[in-house]
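Survey of secondary and tertiary structure
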Amino acid sequence: MRRMPHIRAAIFVAALCILGGPSPAPAAPSHGLAMFGELKHGPDFDHFDYVNPDAPKGGTLKLATIGTFDSLNPFILKGIAAGGSNMIFETLLEKSADEPYAAYGLLAKSVDIAPDRSWVEFTLHPEARWHDGQPITADDVVFSFNILRDKGHPFYQGY
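Counting from 1, residues in each chain are numbered in the order their sequence is written. For this predicted model, a pLDDT threshold of at least 70 governs which residues receive local features, and a threshold of 80 or more governs which side-chain atom pairs are given and counted, while totals over whole chains, interfaces and linings are taken from all residues. To obtain the side-chain values, all non-hydrogen atoms of the structure were used and water was disregarded.

In this structure, Thr-91 sits in the loop between strand S1 (32–34) and strand S2 (93–95). Separated by 2.5 Å, the side chain of Thr-91 and the backbone oxygen of Leu-93 make a polar contact. Counting from the N terminus, the helices are DSSP H or I runs at least four residues long and the strands are E runs at least two residues long. Here a polar contact is recorded for every N or O atom pair within 3.5 Å, except that within protein the pair must consist of a potential hydrogen donor and a potential acceptor, and residues adjacent in sequence are included only if both atoms are side-chain atoms.

This is the structure in structure tokens:
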């Protein structure tokens, strides 16, 4: 069975490309995207300002939700996805919680957008791995994007 990396960030980038914005697209690959102004953090930052890198590690996290579910797939129309089931996927880009419409590379080392916003190109981090240690490849991202667009929720079909 083919593994599916999450492409929520790709959808975010597609939305940025479609919506446009007051600032021009990057002229060269960048470590992230900002729809308004400049990115707050440089390419070598190691954590967001609101993250405590010295926070205690380990323990147990228990989450609750009201309701029921019949699917662990949050990307399909049929069924009810389990609450929080979208939290188990890594993304190409990670949205910043303190910068509106800004995202930084997570699985992606860099992102480049055409000046006319007709295409977007991601370069994956060489360290990006599946849970079993296998590298995540461009083919994996393309497969995930295509299957989500072709068989996922209709929301994704416009991409």
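For Phe, Tyr and Trp, rings pair up if their centres lie within 6.5 Å, where Trp contributes its six-membered ring, and each pair is then called stacked (planes under 30 degrees apart), edge-to-face (over 60) or tilted (otherwise). Inspection of the entire model under this criterion finds eight aromatic pairs. On the numbers, 5.4 Å between centres and 50° between planes, the contact of Phe-45 with Phe-48 is tilted. Think of it in three bands: with a 1.4 Å probe and only protein chains considered, a residue is buried below 20% of the maximum accessible area for its type, exposed above 50%, and partly exposed in between. With a relative accessible area of 27%, Phe-45 lands in the partly exposed category. Ring centres 5.2 Å apart and planes at 5° place the aromatic pair Phe-48 and Tyr-50 in the stacked group. On the accessibility criterion, Tyr-50 (42% relative accessible area) is partly exposed. Through successive ring pairs, a cluster of aromatic residues spans Phe-45, Phe-48, Tyr-50 and Tyr-104.

As a further point, take the pairing of strand S5 (residues 120–124). The pairing criterion for strands is at least two bridges between them, as found by DSSP. Sheet topology note: the strand S4 (residues 108–113)/S5 ladder contains five bridges and is antiparallel. Paired with Asp-112 across the strands is Glu-121, a residue of S5. The turn joining S4 and S5, which pair antiparallel and follow one another in sequence, is formed by six residues; a positive phi near 60° is taken by Arg-117.

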